[in-house]
Amino acid sequence: MTSSSTVLLTGFAPFGGETINPSWEAVAALDGCRIHGHRVVTRQLPVTFGESLKALQAALRETSPSLVICIGQAGGRAQLSLERIAINIDDARIPDNAGKQPIDAPIVEDGPAAYFSTLPIKAMMAGLRNAGFPAEVSQTAGTYVCNHVFYGLMHALRNKRNVRGGFIHTPYAPAQAAAYPGAASLSTEVVTEAIRLAIRIALTTAADSKLAAGAEH
Ligand code: PCA
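Before going into details, it helps to say that this report is about the structure given with it. In this text, all values refer to a predicted model and were calculated from it rather than measured experimentally.

1. Considering the overall build of the protein
In terms of regular secondary structure, the protein is built from six helices and eleven strands. For the protein, the C-alpha radius of gyration of 16 Å lies close to 17 Å, the compact-globule estimate for 217 residues. Projected onto its principal axes, the C-alpha positions of the protein cover 40 × 40 × 35 Å. The buried share of the protein, reckoned over its 217 residues, is 51%. Counting only contacts in the protein whose residues sit at least 6 apart along the sequence, the fraction spanning at least 24 positions is 78%. Entry remark: accessible area of the protein is about 9900 Å², with carbon and sulfur atoms responsible for 52%. Put simply, the protein has 18 plus and 17 minus side-chain charges, and the middle of one group is 10 Å from the middle of the other.

Shown next as structure tokens:
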């Protein structure tokens, strides 16, 4: 297998007082597996504005992937969120794991205002739903470390037309949601299988489907 048949899959360390991050729990279960002839390589990224992108860039150099999907926790969301857009701004509601709290700082000076995901997010949404996984297209990945990594990923891939990349947010794991009565959750096993399918769809769908998945607000 050449390196072009590698899928780079990342999750995050715990943050915000949590002891687990469901993104990493789900991603770690896929390390080394094969999907449609591609080998999945996983990395855990730190929840820090500076180091997260350095770790991602090192992983890109080391693995030369043909597909990159970064996964993060979005506590309070009820479905897997296929992120459409990354914006060039850091605006942290809470400090990161290194105590840094940037406010209204560009991620890349003079970079474009935004990048779109290059994943077939509509086809992924439809495929996940058909297989019984709750999934939506999301119009914002927020302004914290996940959006930071998503923007940095798309900036790194901007001249690599043959490398697709994007971001998926995942709800709390059940044990986390137990601390916030009423909050939605998905089990690690469900999220792992949903990501496995999302990767397969991304590897086998050249052109995205034209399906409505917008929002009024
Ligand atoms: N979620 C945070 C950062 C790390 C994570 O898993 C976010 O949505 O920005």
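2. Looking at the environment of Asp110
By the secondary structure assignment, Asp110 is in the loop between strand 8 (103-105) and strand 9 (114-116). In this structure, the C-alpha to C-alpha distance between Asp110 and Asn88, residues 22 residues apart in sequence, is 9.3 Å.

3. Concerning the nonpolar core
The biggest cluster of nonpolar side chains holds 32 residues, and the ones touching the most others in it are Leu9, Val40, Ile69, Met124, Ile168, Ile195 and Ile199. Listed by contribution, the elements that provide at least two residues to this core are strand 1 (6-12), helix 1 (22-28), strand 4 (67-73), strand 5 (80-83), helix 3 (121-130), strand 10 (135-138) and helix 6 (188-204).

4. Describing the packing of helix 2 (residues 49-63) against helix 4 (residues 145-156)
The interhelical angle for the contact between helix 2 and helix 4, taken along N-to-C directions, is 35°, at an axis separation of 10 Å. Considering the relative orientation of helix 2 and helix 4, their crossing is right-handed. When helix 2 is examined against helix 4, the residues Phe49, Ser52, Leu53, Leu56 and Leu60 are found in contact with a partner set consisting of Val145, His148, Val149, Gly152, Leu153 and Ala156.

5. Here we look at helix 4
With twelve residues, helix 4 extends 16 Å between its outermost C-alpha atoms, agreeing within 8% with the 16 Å of an ideal straight helix rising 1.5 Å per residue. In terms of residue burial, helix 4 counts as a mostly covered element, since eleven of its twelve residues are buried.

6. Section: the site of the ligand
Lining the immediate surroundings of the ligand are Phe12, Phe15, Asn21, Val47, Gly72, Gln73, Tyr144, Val145, Cys146 and His169. Asn21 is positioned with one of its side-chain polar atoms (N or O) 2.9 Å from an oxygen atom of the ligand. Here His169 contributes a side-chain N or O atom positioned 2.8 Å from an oxygen atom of the ligand. The site holding the ligand turns out to be the largest cavity.

7. Description of empty space enclosed by the protein
Scanning the model with the defined rule gives two cavities of 30 Å³ or more in all. In this model, the largest cavity occupies a volume close to 50 Å³. Residue composition of the lining of the largest cavity, grouped by class: six nonpolar, two polar and no charged. By volume, the second largest cavity amounts to about 30 Å³. At the level of secondary structure, the elements contributing two or more residues to the lining of the second largest cavity comprise strand 5 and helix 6. It is helix 6 that contributes the most residues to the lining of the second largest cavity, three residues altogether. Looking at side-chain class alone, the lining of the second largest cavity contains seven nonpolar, no polar and no charged residues.

Reading the values: rules and limits
Residues numbered from 1 in each chain as written. Predicted model: local features only at pLDDT ≥ 70, side-chain atom pairs only at ≥ 80, totals over all residues. Heavy atoms only, no water. Helix = DSSP H or I, 4+ residues; strand = E, 2+ residues; numbered from the N terminus. Rg over C-alpha atoms; globule rule 2.2 N^0.38 Å. Buried < 20%, exposed > 50% of the residue type's maximum accessible area, 1.4 Å probe, protein only. Contact = heavy atoms within 4.5 Å. Areas by Shrake-Rupley, 256 points an atom, 1.4 Å probe, with all protein chains shown as cover. Lys, Arg positive; Asp, Glu negative; His and termini not counted. Charge placed at Lys NZ, Arg CZ, Asp CG, Glu CD. Core = buried A, V, L, I, M, F, W, Y, C linked by side-chain atoms within 4.5 Å. Axes fitted to C-alpha atoms, helices over the stretch in contact; angles between N-to-C directions. Left-handed = near helix turned anticlockwise from the far one by under 90°. Expected span 1.5 Å × (residues − 1). Near = heavy atom within 4 Å. Polar contact = N/O pair within 3.5 Å; in protein donor to acceptor, adjacent residues only side chain to side chain. 1 Å grid on protein atoms, 1.4 Å probe; cavity = no way out; pocket = protein on both sides within 12 Å on 5 of 7 lines; lining within 4 Å. Sits in = over half its atoms within 2 Å of the grid points. Points joined across faces, edges and corners; volume = space filled by probe spheres on them. Nonpolar A, V, L, I, M, F, W, Y, C, P; charged D, E, K, R; others polar.

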